[in-house]
Amino acid sequence: MKYWLAKTEPEEYGWDDLVASEDAMWNGVRNYAARNNMQRMAKGDPVFIYHSGKKPAIVGIAEVSRPHYDDPADPTGTWSVVNVRAKQKLKHPVHLSTIKKNKVFAESSLVKNSRLSVHELSEDQFNEVLSLSEKAIN
DNA sequence: GCCAACGTTGGC
DNA sequence: GCCAACGTTGGC
């Protein structure tokens, strides 16, 4: 099992939209590194949903409900999508500022490549996010 | 709103 | 194949 994090702009499509749609096609990724990560997702892998923007933070957990397939909106066949399903909102959002201060994430692409929209996390990092989400101030 | 970092494009 | 110019993303 692998662990993932997918970024989204909450004004465009946020956690609440994902909950409402029940099973959503995660589309619009137009970056090779992010696409390659999506192609490595397996059904059932956990995916943190991250809101970028004013208060960047991880807000909830979803899971891959369908592994990658061709983006139906892309006639060239270059880009992929997956389907994800919301599982659980985090008790408290885990802010990027917290992640940056935490040495477990020092080598993470979350810190080193802020522009990447789909990241893989280690098991330790995944568990650290879960643990941080239990704290009101993080 | 600004700007740094990154990715892509296109000229050579 | 290199690299300058440009566009975009996302944190602050």
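Just above, that's the structure.
Described in the following lines is the structure provided in the data block. Because the structure is predicted, anything quoted here is derived from the model rather than measured.

## Here's the deal with helix α5 (residues 123-132)
In step 1: Of the residues making up α5, those classed as buried are Gln125, Phe126, Val129 and Leu132. Viewed along the axis of α5, the buried residues span an arc of 130 degrees, placing them on a single side of the element.

## A short note on helix α2 (residues 32-39)
In step 1: Those residues of α2 lying buried are Ala34, Arg35, Asn37 and Met38. Axial view of α2: buried residues confined to an arc of 160 degrees, hence all on one face.
In step 2: In this structure asparagine 31 caps α2, since a side-chain oxygen of it lies 3.1 Å from the backbone nitrogen of alanine 33.

## Quick notes on the pattern of salt bridges
In step 1: Using the criterion set out here, one finds six salt bridges in the structure.
In step 2: A salt bridge links arginine 40 to glutamate 120; its shortest N-O distance comes to 2.9 Å. With a gap of 80 residues between them, arginine 40 in the loop between α2 and β3 (46-51) and glutamate 120 in strand β6 (residues 118-121) connect regions that are remote in the sequence.
In step 3: Judged by relative accessible area, which is 38%, arginine 40 ranks as partly exposed.
In step 4: Between glutamate 63 and lysine 87 there is a salt bridge; the shortest N-O distance is 3.7 Å. With a gap of 24 residues between them, glutamate 63 in strand β4 (residues 57-70) and lysine 87 in strand β5 (residues 80-95) connect regions that are remote in the sequence.

Reading guide: rules and limits
- Residues numbered from 1 in each chain as written.
- Chains lettered and ligands numbered in written order.
- Predicted model: local features only at pLDDT ≥ 70, side-chain atom pairs only at ≥ 80, totals over all residues.
- Heavy atoms only, no water.
- Buried < 20%, exposed > 50% of the residue type's maximum accessible area, 1.4 Å probe, protein only.
- Helix = DSSP H or I, 4+ residues; strand = E, 2+ residues; numbered from the N terminus.
- Arc of directions from axis to C-beta.
- Polar contact = N/O pair within 3.5 Å; in protein donor to acceptor, adjacent residues only side chain to side chain.
- Salt bridge = Lys/Arg side-chain N within 4 Å of Asp/Glu carboxyl O.

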